[in-house]
Amino acid sequence: MAASMLRVVRTNTASSRLVVHQGVSPRPPYTTTVGGAASRRQGSLAIARHGGQKQALTAPVITTRSPNPAQRLSSRVYAVATEDATDDSDYVKQISISQNDYPEPTHLGDVELPDPENARIKTAEYISSAVRHDQLPKDNKTEIAVIGRSNVGKSSLINSITNKNGLAMVSKTPGKTRTINHFLINDDWYLVDLPGYGFAKAGEKRRMEWFGFTKEYFLEREPLVMVLLLVDASIPPQQADLECLNWLADAEVPVSVIFTKMDKKKKKCPKNSQNILAFEREMNEIFEQMPPRIATSSASGLGKDVVVRYLARLRNLAKQTAPPPVPSYLE
Ligand code: GDP
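The notes below deal with the structure included here. (Residues numbered from 1 in each chain as written. Predicted model: local features only at pLDDT ≥ 70, side-chain atom pairs only at ≥ 80, totals over all residues. Heavy atoms only, no water.)

## What to know about a negative patch on the surface
Here is step 1 of the chain: A surface patch of like charges, here negative, comprises Asp110, Asp250, Glu252 and Glu331.
Here is step 2 of the chain: On the secondary structure map, Glu331 appears in the segment after α7 (304-320). (Patch = residues over 30% accessible without salt bridge, like charges linked within 9 Å, V, L, I, M, F, W, Y side chains within 5 Å. Areas by Shrake-Rupley, 256 points an atom, 1.4 Å probe, with all protein chains shown as cover. Salt bridge = Lys/Arg side-chain N within 4 Å of Asp/Glu carboxyl O. Lys, Arg positive; Asp, Glu negative; His and termini not counted. Charge placed at Lys NZ, Arg CZ, Asp CG, Glu CD. Helix = DSSP H or I, 4+ residues; strand = E, 2+ residues; numbered from the N terminus.)

## Looking at the site of the ligand
Here is step 1 of the chain: Taken together, the neighbourhood of the ligand is formed by 15 residues, with Ser155, Ser156, Lys172, Asp263 and Ser298 sitting nearest.
Here is step 2 of the chain: A distance of 2.8 Å separates an oxygen atom of the ligand from a polar backbone atom of Ser298.
Here is step 3 of the chain: One nitrogen or oxygen atom from the main chain of Ala299 is found 3.3 Å from an oxygen atom belonging to the ligand.
Here is step 4 of the chain: Starting from 580 Å² of accessible surface for the ligand in isolation, the protein chains cover 71%.
Here is step 5 of the chain: For the shell around the ligand, the class distribution of residues is 2 nonpolar, 7 polar and 6 charged. (Near = heavy atom within 4 Å. Polar contact = N/O pair within 3.5 Å; in protein donor to acceptor, adjacent residues only side chain to side chain. Nonpolar A, V, L, I, M, F, W, Y, C, P; charged D, E, K, R; others polar.)

## Notes on the packing of helix α5 (residues 239-250) against helix α6 (residues 272-286)
Here is step 1 of the chain: Closest axis-to-axis distance for the α5/α6 pair is 11 Å, and the angle between their directions is 25°. The angle between α5 and α6 falls in the class roughly parallel. The chirality of how α5 crosses α6 is right-handed. For the pair formed by α5 and α6, the contact residues are Asp241, Leu242, Leu245, Asn246 and Ala249 on the first element and Phe279, Glu282, Met283 and Ile286 on the second.
Here is step 2 of the chain: Broken down by class, the residue content of the contact of α5 with α6 amounts to 6 nonpolar, 1 polar and 2 charged. (Axes fitted to C-alpha atoms, helices over the stretch in contact; angles between N-to-C directions. Parallel < 35°, antiparallel > 145°, perpendicular 65-115°, else oblique. Left-handed = near helix turned anticlockwise from the far one by under 90°. Contact = heavy atoms within 4.5 Å.)

## A few points about the nonpolar core
Here is step 1 of the chain: In terms of nonpolar packing, the biggest core is built from 71 residues, with Tyr217, Phe218, Met226, Leu228 and Phe259 touching the most fellow members.
Here is step 2 of the chain: Sorting elements by how many residues they give to this core places α7 first, with 9 residues.
Here is step 3 of the chain: Leu228 has contacts with Ile144, Ala145, Val146, Ile147, Ser256, Ile258, Tyr310 and Leu311, leaving out every residue within four places of it along the chain. (Core = buried A, V, L, I, M, F, W, Y, C linked by side-chain atoms within 4.5 Å. Buried < 20%, exposed > 50% of the residue type's maximum accessible area, 1.4 Å probe, protein only.)

## Things to note about the packing of aromatic side chains
Given two aromatic rings, one states the distance between the centres and the angle between the planes to describe the pair.
Here is step 1 of the chain: Counted under the stated rule, the structure contains 6 aromatic pairs.
Here is step 2 of the chain: A ring pair is formed by Phe218 and Trp247, whose centres lie 5.7 Å apart and whose planes are at 45°; its orientation type is tilted. Highlighted residues: Phe218 in helix α4 (residues 204-220) and Trp247 in helix α5, separated in sequence by 29 residues.
Here is step 3 of the chain: Pairwise contacts between aromatic rings join Tyr102, Phe259 and Phe279 into one cluster. (Phe/Tyr/Trp six-rings, centres within 6.5 Å; stacked < 30°, edge-to-face > 60°.)

## Remarks on the pattern of salt bridges
Here is step 1 of the chain: Throughout the structure, instances matching the rule amount to 11 salt bridges.
Here is step 2 of the chain: Among the salt bridges present, the one from Arg309 reaches Glu104, with a minimum N-O distance of 2.6 Å. With Arg309 in helix α7 and Glu104 in the loop between α2 (69-74) and β7 (107-108), the pair connects residues that are 205 residues apart, well separated along the chain.
Here is step 3 of the chain: A relative accessible area of 36% means that Arg309 is categorised as partly exposed.
Here is step 4 of the chain: A salt bridge links Asp134 to Arg132; the shortest N-O distance between them is 3.1 Å.
Here is step 5 of the chain: We classify Asp134 as partly exposed; its relative accessible area is 48%.
Here is step 6 of the chain: According to the relative accessible area criterion, Arg132 is partly exposed, its value standing at 48%.
Here is step 7 of the chain: Several salt bridges converge on common partners, so that one network encompasses Glu104, Arg309 and Arg313.

## Side note on α7
Here is step 1 of the chain: For α7, built from 17 residues, the straight-helix expectation of 24 Å at 1.5 Å per residue is met to within 8% by its first-to-last C-alpha distance of 25 Å.
Here is step 2 of the chain: Within α7, 12 of the 17 residues are buried, which leaves the element mostly enclosed by the surrounding structure.
Here is step 3 of the chain: Looking at α7, one finds that the buried residues are Val306, Val307, Val308, Tyr310, Leu311, Ala312, Arg313, Leu314, Arg315, Asn316, Leu317 and Ala318. (Expected span 1.5 Å × (residues − 1).)

## Digging into empty space enclosed by the protein
Here is step 1 of the chain: Taken as a whole and judged by the stated rule, the model has 3 cavities of 30 Å³ or more.
Here is step 2 of the chain: Taken together, Val231, Asp232, Ile235, Pro236, Pro237, Gln238, Asp241, Asn275, Ile276 and Phe279 form the lining of the largest cavity.
Here is step 3 of the chain: At the level of secondary structure, the elements contributing two or more residues to the lining of the largest cavity comprise β13 (224-232) and α6.
Here is step 4 of the chain: Ranked by residue count, the leading element in the lining of the largest cavity is α6, at 3 residues.
Here is step 5 of the chain: Of the residues in the lining of the largest cavity, the class split is 6 nonpolar, 2 polar and 2 charged. (1 Å grid on protein atoms, 1.4 Å probe; cavity = no way out; pocket = protein on both sides within 12 Å on 5 of 7 lines; lining within 4 Å. Points joined across faces, edges and corners; volume = space filled by probe spheres on them.)

## So, unusual backbone geometry
Here is step 1 of the chain: With phi around 65°, Asn140 is a residue other than glycine that occupies positive phi space.
Here is step 2 of the chain: Mapping Asn140 onto the fold places it in the loop between β9 (124-130) and β10 (143-148).
Here is step 3 of the chain: Unlike most non-glycine residues, Asn163 shows phi in positive territory, near 55°.
Here is step 4 of the chain: Topologically, Asn163 is positioned in the loop between α3 (154-162) and β11 (180-185).
Here is step 5 of the chain: The exposure class of Asn163 is exposed, given its relative accessible area of 54%.

Here it is as structure tokens:
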């Protein structure tokens, strides 16, 4: 099996399920140690909540040792959830997520992505806004779409990676907030801005209405190679995001998750790292194999280059194989 740089290992024991996130693959030449003592020595003793009672974890803890000291640092165990965990408080409190934990995705499921040649975004141009399929561009260029709840930071991310402040203004213009907007990148491929969803006061009816035309795009748009689902890391998992993710997984639409607002700490909300871990736990329920994830902040520029290079890899994959393979995490 091809190794991805970021793997999620799940171990089932009688009393608890161990979810281990690592920055390195646990395959040789790395040695894997199992047991609480080993993790304690590495300063990552996990405390799980079980039935409201804090308790030291009794299930085995897996840690890895990488020959590379930098990787070793990022390979700490940082998440453990009990089998009957029902809410975020069931997650361990000692969590830290660094950029090292979200390296550039090099694999799409089992498929190795090509090198990110010509990654730099030199030109970005607004092309069109569509409300119907027949209004979409007809030149068959590769499309990578961005979607997320309103206010997730979609426009900020689009502006940031294209180095063009104001490019995504179009998606804020009255009348264009619910259109599918195409931006031509380097005269070569499209970055596609999809309508936001999960309006705070919108009822079920409005949500389904939104899906009406976006759904058709997902299901029938041949040049579409990837949907980047943006998830706000400064707040706990949102039902609307999970519904969207579930829908995309069921429809076998290739999806990657981009966590936004990594710099932001909201009062009364858990830390970003805890929000992310809680979201990843939900993802674990949906996917056998985790889709690529990237942590970003448009405010600090964190993850910007990682996203740009990942987009280049995806575009290069689409050039190599048309149609692109279905990622193994959707099988
Ligand atoms: P959209 O509705 O998804 O297009 O979201 P916007 O890009 O307009 O961002 C919504 C709000 O979040 C704005 O006030 C942004 O300034 C803010 N925002 C976006 N990205 C970030 C970020 O990375 N960090 C912080 N702290 N705020 C952000």
